[in-house]
Amino acid sequence: MDFMTLLGANALSDAIGKLIYNVLYGWISGWSDSWGIVGAFSVTVIMFTLFLKIILTPFDFWQKQLSRSNAKKMELMKPQLDKITKQCGSNKQLLMQKQRALYKQYKYSTFGACLPLIITMVIFFIILGGFNSAVRMHNLATYEKMDGIYKTVYYEAIESLVDSEMTDAEKAEKRAEAVAKAEQAVVDSYESEKFFLTKNIFVADNWKDPIPSSSDFTGTGMGGSGIDVDAGRYEIVMRPLMEKYNDQWNGYLILPVLVLLLNLVTMKLNKPPEQPAVAGQSEEQRKAQQTQMKVMQFIMPIIMLVFAIFYSAAFTLYMLISSLYSTIFNLCFNLITKRIDAREKDRLMSTTVKK
């Protein structure tokens, strides 16, 4: 990927982040003053995901139809592929030529079989970038709000020190009182965005603290906010919130586990067509190849699990709703196409019997 392509992807991700946080979240958060265990941003994520999936429904149909077409073509070609594999023996060049000719005859595109996966992964990483951008916006907005409250309350409480004749000990006591009032104001004004047992949806649903530390807040690693602020000042302002909320995990890995299970179900529903043997392969090598392909099918759900564990619970919720939508869509599509195939088979059988 060249620099301009990467720059364009980042710009698109930032635009999606602004759409999610500034537009959709700004609209939904005005619906109610109290949200309880399901926060406004949780509703935002669910609505955004459903809107996106509905918009991408034509792509889902195209993807399923392409996979279905490829599977049917592979089923028709398989006897001929097996035949030319035996004929060519260990002559790989001849086998590839005959396979390409057969693919051309049946209009089977190996690239077309991979294209939906490529598009899906591009969409996935753009949306991931969008949610990371939205998380940064919220974390920065929350910190700036808390910092403003801290400063306002502190300086109001400390005003009596100006031109006073207090002793140093009295001034120190007054400063301590001002700090205590500022910290209490921060605690009183903070409102967390929950999603059931996940205490802060902008933090990963795992063993992380609900209130990010300065290293997590400014870090650029996996799940980090990457916000450029003074770490010392951040610790001063957010410390009372850390002391109150960071005595337990942010979540209990419920969302990541659900994401894994749904991706496993989706994997079963989207079983790829069996691929032909390679020239010169022994039976043991062919079995090893089939085993490797089965193992590869489990890699994607595991990758999704890693993203679900280490990125924000908001993105994990997006993955969950998206996977749930895809599972329902795949089930409905498979049931419908199964009936269509059964009717087509009955029609062919009746035609054959009449002849």
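Everything numeric here is computed off the predicted structure, so don't read it as measured data. (Residues numbered from 1 in each chain as written. Predicted model: local features only at pLDDT ≥ 70, side-chain atom pairs only at ≥ 80, totals over all residues. Heavy atoms only, no water.)

## Considerations on the overall build of the chain
Within the chain, the secondary structure is distributed over 11 helices and 0 strands. Listed by position from the N terminus, the elements making up the chain come as α-α-α-α-α-α-α-α-α-α-α. Relative to its full complement of 355 residues, the chain shows a buried share of 37%. Within the chain, contacts between residues separated by at least 24 positions form 77% of all contacts whose residues are at least 6 apart in sequence. When the accessible surface of the chain is summed, it comes to about 20900 Å², and 62% of that surface belongs to carbon and sulfur atoms. (Helix = DSSP H or I, 4+ residues; strand = E, 2+ residues; numbered from the N terminus. Buried < 20%, exposed > 50% of the residue type's maximum accessible area, 1.4 Å probe, protein only. Contact = heavy atoms within 4.5 Å. Areas by Shrake-Rupley, 256 points an atom, 1.4 Å probe, with all protein chains shown as cover.)

## Brief notes about helix H4 (residues 92-106)
For H4, which comprises 15 residues, the first-to-last C-alpha distance of 21 Å matches the rise-based estimate of 21 Å (1.5 Å per residue) to within 8%. Taken together, the buried positions of H4 are occupied by Leu 95, Gln 99, Leu 102 and Tyr 103. In a view along the axis of H4, the buried residues occupy a sector of 100°, so they form one face of it. In this structure, H4 carries Gln 93, Arg 100, Lys 104 and Gln 105 as exposed residues pointing more than 90 degrees from its buried face. In the stretch just after H4, Lys 107 is the one whose phi turns positive, near 60°. (Expected span 1.5 Å × (residues − 1). Arc of directions from axis to C-beta.)

## Let's talk about the pattern of salt bridges
On inspection of all chains with the given rule, the structure shows 6 salt bridges. Of the charged contacts, one joins Arg 239 and Glu 183 as a salt bridge, the two residues approaching to 2.3 Å between their closest N and O atoms. Note that Arg 239 is positioned in helix H8 (residues 231-245) and Glu 183 in helix H6 (residues 168-189), a separation of 56 residues in sequence. By relative accessible area, which is 35% here, Arg 239 ends up partly exposed. Taking the relative accessible area as the measure of exposure, Glu 183 reaches 15% and is therefore buried. Note that Asp 216 is salt-bridged to Lys 208, the shortest N-O span being 3.2 Å. (Salt bridge = Lys/Arg side-chain N within 4 Å of Asp/Glu carboxyl O.)

## Things to note about the confidence of the model for the chain
Per-residue pLDDT for the chain has a mean of 83; in total, 84% of the residues score no lower than 70. Per-element averaging of pLDDT across the chain places helix H10 (residues 283-310) at the bottom with 77 and helix H2 (residues 40-55) at the top with 95. (pLDDT = per-residue confidence, 0-100.)

## Some words on the packing of H6 against H8
Packing of H6 against H8 leaves a shortest axis separation of 9 Å and a crossing angle of 60°. Between H6 and H8, the interaxial angle falls into the category oblique. Both H6 and H8 take part in a crossing whose hand is right-handed. When H6 is examined against H8, the residues Glu 183, Val 186 and Val 187 are found in contact with a partner set consisting of Val 237, Arg 239, Pro 240, Leu 241 and Lys 244. Residue composition of the contact of H6 with H8, grouped by class: 5 nonpolar, no polar and 3 charged. (Axes fitted to C-alpha atoms, helices over the stretch in contact; angles between N-to-C directions. Parallel < 35°, antiparallel > 145°, perpendicular 65-115°, else oblique. Left-handed = near helix turned anticlockwise from the far one by under 90°. Nonpolar A, V, L, I, M, F, W, Y, C, P; charged D, E, K, R; others polar.)

## Let's talk about the packing of aromatic side chains
Under the definition given, this model contains 27 aromatic pairs. Taken together, a centroid distance of 5.1 Å and an interplanar angle of 80° make the contact between Phe 61 and Phe 329 edge-to-face. Note that Phe 61 is positioned in helix H3 (residues 57-88) and Phe 329 in helix H11 (residues 313-354), a separation of 268 residues in sequence. Take Phe 61: its relative accessible area is 41%, and that puts it in the partly exposed class. Here the aromatic cluster, defined as three or more aromatic residues joined through ring pairs, consists of Phe 48, Phe 124, Phe 125, Phe 131, Phe 307, Tyr 311, Phe 315 and Tyr 318. (Phe/Tyr/Trp six-rings, centres within 6.5 Å; stacked < 30°, edge-to-face > 60°.)

## Details of empty space enclosed by the protein
In the structure shown here, the tally under the stated rule is 1 cavity of 30 Å³ or more. Estimated volume of the largest cavity: approximately 80 Å³. Taken together, His 138, Asn 139, Thr 142, Tyr 143, Tyr 190, Asn 200, Ile 211, Pro 212, Phe 217, Tyr 234 and Met 238 make up the full set of residues lining the largest cavity. Sorting the residues of the lining of the largest cavity by element identifies helix H5 (110-158) and H8 as the ones contributing at least two each. Among the elements that take part in the lining of the largest cavity, H5 stands out by supplying 4 residues, more than any other. Tallied by class, residues from the lining of the largest cavity come to 7 nonpolar, 4 polar and no charged. (1 Å grid on protein atoms, 1.4 Å probe; cavity = no way out; pocket = protein on both sides within 12 Å on 5 of 7 lines; lining within 4 Å. Points joined across faces, edges and corners; volume = space filled by probe spheres on them.)

## Overview of the nonpolar core
Among the nonpolar cores identified, the biggest contains 37 residues, and Phe 41, Phe 131, Phe 315 and Met 319 are the most heavily contacted of them. Elements supplying a minimum of two residues to this core: helix H1 (3-28), H2, H5, helix H9 (254-269), H10 and H11. Those residues in contact with Met 319 that lie beyond four places of it in its chain are Phe 124, Val 259, Met 304, Phe 307 and Ala 308. Tyr 154, Ile 211, Phe 217 and Ile 227 belong to the second-largest nonpolar core, a separate cluster that totals 20 residues. (Core = buried A, V, L, I, M, F, W, Y, C linked by side-chain atoms within 4.5 Å.)

## Concerning H8
An α-helical segment advances 3.6 residues per turn. Residues three or four places apart therefore align on the same side. Approximately 55° is the largest bend angle found in H8, and it occurs at Met 238, with the proline Pro 240 only one to four residues beyond. Within the sequence span of H8, burial applies to Tyr 234, Val 237, Met 238, Pro 240, Leu 241 and Met 242. Measuring from the side-chain oxygen of the N-cap residue of H8 to the backbone nitrogen of Gly 232 gives 3.2 Å; that N-cap residue is Asp 230. (Bend = angle between axes of the 7 residues up to and from the residue. Polar contact = N/O pair within 3.5 Å; in protein donor to acceptor, adjacent residues only side chain to side chain.)

## A few points about the side chain of Lys 53
By the element assignment, Lys 53 lies in helix H2. One buried charged residue, Lys 53, forms no salt bridge at all, with the nearest opposite charge on Asp 60 at 4.1 Å. Ignoring any residue separated from it by four or fewer positions in sequence, one finds Lys 53 in contact with Asp 60, Ser 322, Tyr 325 and Ser 326. (Lys, Arg positive; Asp, Glu negative; His and termini not counted.)

## Comments concerning the environment of Asp 188
With respect to the helices and strands, Asp 188 occurs in helix H6. Under the relative-accessibility criterion, Asp 188 is labelled exposed at 58%. Asp 188 sits 53 residues away from Leu 241 along the chain, and the two C-alpha atoms are 9.6 Å apart.

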